Amino acid sequence: MKFRKPELIPLLFIICATLVLCTLGAWQVKRLQWKNALIADIAAAQSLETLGNLPQDVTGLTYRNVILTGRYMNDKTLRLVGRKENMRAGFFVLTPFVLEDDGRVILVNRGYAEEGNEHPVDGVQSVKGVLRPPREKRPFAPENQQDKNLWFYEDIHAISVITGSPLIPYVIEATGDDRTTQPIVSDGKISMRNDHLGYAITWFSLALVGLVMFAFYQRIPENKA
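Residues numbered from 1 in each chain as written. Predicted model: local features only at pLDDT ≥ 70, side-chain atom pairs only at ≥ 80, totals over all residues. Heavy atoms only, no water.

A.B. asks: What is the right way to read the layout of surface pockets from this model?
C.D. replies: Sizing a probe to match a water molecule and rolling it over the atoms shows the empty space that remains. Of the volumes computed, that of the largest pocket is approximately 1,400 Å³. R132, R135, R138, S191 and M192 are the residues nearest the centre of the largest pocket, which is lined by 42 residues in total. Listing elements by their share of the lining of the largest pocket, those giving two or more residues are helix 1 (8-46), strand 3 (78-82), strand 5 (105-114), strand 6 (125-132), strand 7 (167-174) and helix 3 (196-218). Looking at the lining of the largest pocket element by element, the count peaks at 5 residues for helix 1. Classifying every residue of the lining of the largest pocket by side-chain character gives 18 nonpolar, 10 polar and 14 charged. Looking at the second largest pocket, its volume works out to about 280 Å³. The wall of the second largest pocket is formed by 15 residues, among which Y72, R110, A174, P183 and V185 lie closest to the centre. For the lining of the second largest pocket, the element with the most residues is strand 6, which contributes 4 residues. (1 Å grid on protein atoms, 1.4 Å probe; cavity = no way out; pocket = protein on both sides within 12 Å on 5 of 7 lines; lining within 4 Å. Points joined across faces, edges and corners; volume = space filled by probe spheres on them. Helix = DSSP H or I, 4+ residues; strand = E, 2+ residues; numbered from the N terminus. Nonpolar A, V, L, I, M, F, W, Y, C, P; charged D, E, K, R; others polar.)

Printed below as a string of structure tokens:
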């Protein structure tokens, strides 16, 4: 099989396309390694003993299970815009929680509620849940509208100003089995999409297909050799 000398523009195009596709594939491989490590870290954290109180140094407590005692600051409740399947438009109820043992404050996501179903609770409460990082602002997401109490991400600094106390830099995702009483708490299952291997295979396959097609394009048919 013989091949003709490639023209400059098609050659440059296939080189650039192959480099771009392989770069995307390599990036997805790195993302796969990162995601696998994160999933392993979450599983390890979930297997540890449930915390009944928080140490002063809270570093490295992400995704630990907790049962903490304290009081809700109901007058500082925030509405995090969201949606839950098969329910009317509503929001996630975020309420600062003053820990009974040392007075520190942490934000609790009490669950999803439709308008008018926040159901604040008074007095000393025990909260069962999972510590997670605050949701950060995503690209193109709206800014928080504090004057309307509409929040699109959990700005710990801004919420600390509202509560008048520095917040512990985690959110307790309240968990439980009740799926009828609003706010509806999380089931505690932490699932993360991990499609990076499929994406990596796709990008590398496209690069290979492009090279094969280019080779066929440059091939000289036997009857013209």
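A.B. asks: Is there a simple way to explain the environment of P134 in this structure?
C.D. replies: By the secondary structure assignment, P134 is in the loop between strand 6 and helix 2 (156-163). If near-sequence neighbours (up to four positions away) are discounted, P134 is found in contact with E154, I156, P169, Y170 and V171. (Contact = heavy atoms within 4.5 Å.)

A.B. asks: Explanation requested: the pattern of salt bridges in the structure shown.
C.D. replies: Side-chain pairs of opposite charge can arise where the charged atoms are in close proximity. Summed over all chains, the structure comprises 9 salt bridges. Across the pair R71 and E100 runs a salt bridge whose closest N-O atoms are separated by 4.0 Å. In this pair, R71 is assigned in strand 2 (residues 65-72) and E100 in the loop between strand 4 (90-99) and strand 5, connecting sequence segments 29 residues apart. A relative accessible area of 42% places R71 in the partly exposed class. (Salt bridge = Lys/Arg side-chain N within 4 Å of Asp/Glu carboxyl O. Buried < 20%, exposed > 50% of the residue type's maximum accessible area, 1.4 Å probe, protein only.)

A.B. asks: How should the packing of aromatic side chains be read in this particular structure?
C.D. replies: Geometry of an aromatic ring pair is reported as the spacing of the ring centres plus the angle between the planes. The tally for this structure, following the rule as stated, stands at 2 aromatic pairs. Both rings, one in F92 and one in Y112, keep their centres 5.2 Å apart while their planes meet at 70°; by these two values the pair is edge-to-face. One end of the pair, F92, is in strand 4; the other, Y112, is in strand 5, with 20 residues separating them in the sequence. For the pair F92 and Y112, a shared accessibility class is recorded, and that class is buried. The side chain of R110 reaches across the aromatic face of Y72, ending 5.4 Å from its centre. (Phe/Tyr/Trp six-rings, centres within 6.5 Å; stacked < 30°, edge-to-face > 60°. Lys NZ or Arg CZ within 6 Å of the ring centre and 35° of its normal.)

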